[in-house]
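Spelled out from the first residue to the last, the chains are:
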Amino acid sequence: MSKRIELRNLNVYYGSFLAVEDINMVIEPRAITAFIGPSGCGKSTLIRTLNRMHEVIPGAYVQGELTMDGENIYAPEVDPVKVRRQVGMVFQRPNPFPTMSIKDNVLSGYKLNNSKMSKTEADEIAEKALVGANLWNEVKDRLERPGSSLSGGQQQRLCIARAIAVEPDVILMDEPTSALDPISTAAIEDLAVELKDKFTVVIVTHNMQQASRISDQTAFFNIAGTGMPGKLIEYDKTEKIFSNPTQKQTEDYVSGRFG
Amino acid sequence: MAATESKKSVTRLGDRIFSRTATFAGASILLTLAAVAFFLFLQAWPALLPDADFGGKADDGPLAYVAPFVFGTLYGSVIALAIATPLAVGIALYISHYAPRRFSQALGYVVDLLAAIPSVVYGLWGILVLAPFLTPSYQWLNENLGWIPFFEGQVSATGRTMLTVAIVLSIMILPIMAALIREVFLQTPKLHEEAALALGATRWEMIRMAVLPFGRPGIISAMMLGLGRALGETMAVAMVLSPASVISFALLTSQNPNTIAANIALQFPESGGDYRSMLVGTGLMLFLITMAINMVARYIISRRAEFSGAN
Amino acid sequence: MSAVTSSLQASASLPRWYNPAALLGSFSLALASMTLSGFEDEAGNLNLAAVIVIGYLLYMAITFVVSRAVEGRRKSVDRMVTGLVTAAFTLAVIPLLSLTYTVVSNGLARLDATFFSNSMRNIVGEGGGALHAIVGTLELTGIATLISVPIGIMTAIYLVEYGRGRLAKLVTFFVDVMTGIPSIVAGLFAFTLFLVVLGPANAINGLAGAVSLSVLMVPVVIRATEEMLKIVPNELREASYALGVPKWLTIIKVVIPTALAGIATGVIIAIARVIGETAPLLLAAGFTASMNYNPLSDKMMTLPVFVFTSFANQGVDTQAYIDRSWAGALTLMIIVMVLNLIARIISRVFSPRG
């Protein structure tokens, strides 16, 4: 549970286009790390390299090293599918599987992979995950209803339950609240703070206030211009980034001068 | 820190099997078409040899035999298209812009019902209902407008003429054409329509200004689709037409050039030897003609797509 | 104060009762003139086609003149176009009504128990039925479906989920070509294939007919499945990959179930299309008067071919043959309508919500 992620000289390519250049950082376990920066700076690209999801796009690849608790997930003999089983992801728009019930959605990490489990095991795992996602009380009487019958905020918590049900080491959140209303957003933020007790949480967010509210460490990315690669400008404790950043670019961004 | 390029060096067995099966399925399409071309050519080949014996049915050689059928196929389909196109545009316009909105889906279903009727039923209806219904009109046309080349000749007493066939064909291709054109008309950007109305245009003027220009590539698309279907139609023609081996433009007589497809349907079951080979050859010709028209259509549409309102 | 008409005033408009009155008047006039002038055919029947045409032309002519005088040029043109467009639609509905009426009224004559429980074996003249044809149609369409659906769905999966590069472009191009194959060419192909493989004595059989139907069905299944797969949002695939589900399991357990209702609808529509095909079956499966349950040997009768041969090869009692032909046509149409209905119901009821 809760691994420590180290990126060393990581470069991310789409075909021949360098999208993100030379990232060196350490993501601490049992903490929330936020990626912030203007549109197109590569933060979404970078978070997808943490579970090798960027490879779903043909021609995408990385150079460099990315280790979890010391193991390089990009080593040649590593199976990307197995990496993804250890790293959970929540997306910008809630995407529960429409043909499955709420319960089956939570268990989909097991069921889609043909894992056999007894009914009692299944019930326990589903309840535990839904409790962990703060959704249990709202859905415990309608577990067989379709996943798409919930509201937006509930659907996103369902996706979080789905992600934590397989007990990953890391949870990635790619702008998880940008499609939600303020109340649901607050619910998800509270949830993220609870989750960091057990998991490493990395969150990409457009919303600086969100980053300053919930994260322990913040990484600020920027690009020099269109067509240029994204770079890590500054990475430090959240308080420092927002009150007393070292780099001028960082200060300009957090004070709203651009982005 | 060694820089390693990440490659897809690990693929799962399930993925490999599945993707290969899918690729094989795709390749089987190519295989099937190659097989069609191969077997047809194989069977048609003997008819092209100089010493082919057609059993008296094609004494002037294969080309002279085929010529009326090629003519009949194209002639009937072109007339059907000429009848169907304005009707399809009219129907599409009616459903998209004239009928009350609540009914437009239901009306669409009604026209689509025409498409569900099998061609053999069209054949029965054509020869037993439509032909007799039109015969008096043919007589009138022949008597009074017989100086027009289309209406000349000895008028048919049964109504089994090229014109009847063309009308049946047009009814058969009407629903798909109307459905396609209706889709396109419904997609006319509201902005264009409202701009015309804001200029004080009447409904027809608005349609002329906004809907028709936008829909032109779609109309051409539908025409090609309709033409393709009409060319391949067999049973309706086989049952309705009264055939003869002539090349003639006359629409009202009993001496009509048959179509390639209908001729094959009528002659093939009892045929044998080189004559059967020749029939297969005509089938191959039909296939090539239809393919050619499809490709021309695709070319025209891709050229016009740049100028269509869809951009 | 000069008597200037305000430019906002609506210009004069024909009253609402104009249309029905003009239509009624024109057609009555046409009917009257036709009856009175004695324009009849040999049987003494009124030329209905002429009445309709003349009535319509009268209506259009009168409307043009009256409207132009009262409403002005632009509005009169608008009215003419409305008349044209409405006529076009009516012209489409008339054959539909005529067809339906004809098939139903003529087909009911033989829609009896005998028709559905007998073949044409040893029948010359009255009696007999289409059981052999119905069984044949169900069997051959079933076999064609079994062949076409797996190939069609897998090819669509290839094109949407995997295909990139030249092979995919070729495949998509040839699927288009396949969509345009005339049905009789498919029949010639199946016949020739079996001729070469099984020899002249065994060439015509049920399986050959099924193969010719498959050639016509596969491209329809491919295109419909492609559409449905493309509609599945990419986010669902991503969610599945992020859970560590490999691509092939994602396709089988997430993408296809989500698209299933649409795929099923597409398959049923493809079936409805080929079930009425006559020409390819005439060539490849032949026709017979007897029952034949075995698609691998000997000719097999199918419903559309039954309709055709009953009409084309009439025996002693011609009316009996024609009656059987219509009854077969009615049966065929009922089957096609039911299939279309089922397709619509599936697509309404089973589409995944949200």
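Chemist: Teacher, can you tell me more about the overall build of chain A here?
Modeler: When you go through chain A residue by residue, the secondary structure sums to 11 helices and 10 strands. C-alpha extents for chain A along the principal axes are approximately 55 × 45 × 30 Å. Sorting the 259 residues of chain A into buried and exposed places 50% on the buried side. Look at the contacts in chain A between residues 6 or more apart in sequence, and 70% of them connect residues 24 or more apart.

Chemist: Explain the environment of lysine 82 of chain A to me, please; I cannot follow it from the model alone.
Modeler: Here lysine 82 of chain A lies in helix α2 (residues 80–86). Distance from lysine 82 of chain A to asparagine 51 of chain A, taken between C-alpha atoms, is 9.4 Å for residues 31 residues apart in sequence.

Chemist: Looking at this model, I keep getting lost on the interface of chain C and chain A. Mind explaining?
Modeler: Interfaces are often sized by the amount of accessible area the parts lose when they come together. Between chain C and chain A, the contact holds 20 residues from the first and 22 residues from the second. Only α9 (234–242) and α10 (247–274) of chain C provide two or more residues apiece to the side of chain C that touches chain A. Considering each element in turn, the side of chain C that touches chain A owes the most residues, 7 residues, to α9 of chain C. Of the residues belonging to the side of chain C that touches chain A, the class tally is 11 nonpolar, 4 polar and 5 charged.

Chemist: Explain the interface of chain B and chain C to me, please; I cannot follow it from the model alone.
Modeler: Each partner contributes to the interface: chain B provides 67 residues, whereas chain C provides 74 residues. Ranked by residues supplied to the side of chain B that touches chain C, first place goes to helix α1 (residues 13–44) of chain B with 18 residues. Tallied by class, residues from the side of chain B that touches chain C come to 44 nonpolar, 20 polar and 3 charged.

Chemist: Would you take a moment to explain the packing of helix α3 (residues 73–107) of chain C against helix α13 (residues 318–349) of chain C for this structure?
Modeler: Packed helix pairs are characterised by how far apart their axes lie and by the angle those axes make with each other. All names here are of chain C. Contact pair α3 / α13: the axes reach a minimum separation of 8 Å and the direction vectors enclose 120 degrees. Viewed along their axes, α3 and α13 adopt a mutual orientation that is oblique. The interaxial crossing formed by α3 with α13 has left-handed handedness. Contacts from Val103, Val104, Asn106 and Gly107 in α3 reach Trp326, Ala327, Ala329, Leu330 and Met333 in α13.

Chemist: Explain the nonpolar core here, please?
Modeler: Core analysis: the largest hydrophobic core is formed by 261 residues, its most contacted members being Ala88, Ile91 and Ala265 of chain B. For this core, the leading source of residues is helix α5 (residues 162–186) of chain B, giving 17 residues. Composition of this core by domain shows at least three residues from each of domain 1 (18–108) and domain 2 (117–349) of chain C. Leaving out residues up to four positions away in the same chain, isoleucine 91 of chain B has contacts with Val111 and Ala178 of chain B together with Ala88, Phe89 and Ala92 of chain C.

Chemist: So what exactly am I meant to see when it comes to helix α9 (residues 260–267) of chain B here?
Modeler: Three or four residues apart is the spacing at which side chains of an α-helix point the same way, because the helix has 3.6 residues per turn. Along α9 of chain B, 7 of the 8 residues are buried, which leaves the element largely enclosed by surrounding structure. Taken together, the buried positions of α9 of chain B are occupied by Ile260, Ala261, Ala262, Asn263, Ile264, Ala265 and Leu266 of chain B.

Chemist: Just to check I follow, could you spell out the pairing of strand β7 (residues 170–174) of chain A for this structure?
Modeler: Most of β7 of chain A sits inside the fold, with 5 of its 5 residues counted as buried. The β-α-β motif built from β7 of chain A, the intervening helix α8 (residues 182–195) of chain A and the parallel element strand β8 (residues 200–204) of chain A has right-handed crossover chirality.

Conventions adopted
- Residues numbered from 1 in each chain as written.
- Chains lettered and ligands numbered in written order.
- Predicted model: local features only at pLDDT ≥ 70, side-chain atom pairs only at ≥ 80, totals over all residues.
- Helix = DSSP H or I, 4+ residues; strand = E, 2+ residues; numbered from the N terminus.
- Buried ≥ 20, exposed ≤ 12 C-beta atoms within 10 Å, placed from the backbone.
- Contact = placed C-beta atoms within 7 Å.
- Nonpolar A, V, L, I, M, F, W, Y, C, P; charged D, E, K, R; others polar.
- Axes fitted to C-alpha atoms, helices over the stretch in contact; angles between N-to-C directions.
- Parallel < 35°, antiparallel > 145°, perpendicular 65-115°, else oblique.
- Left-handed = near helix turned anticlockwise from the far one by under 90°.
- Core = buried A, V, L, I, M, F, W, Y, C linked by C-beta atoms within 7 Å.
- Domains from an automatic or database assignment.
- Right-handed = clockwise from strand over helix to strand, strands pointing away.

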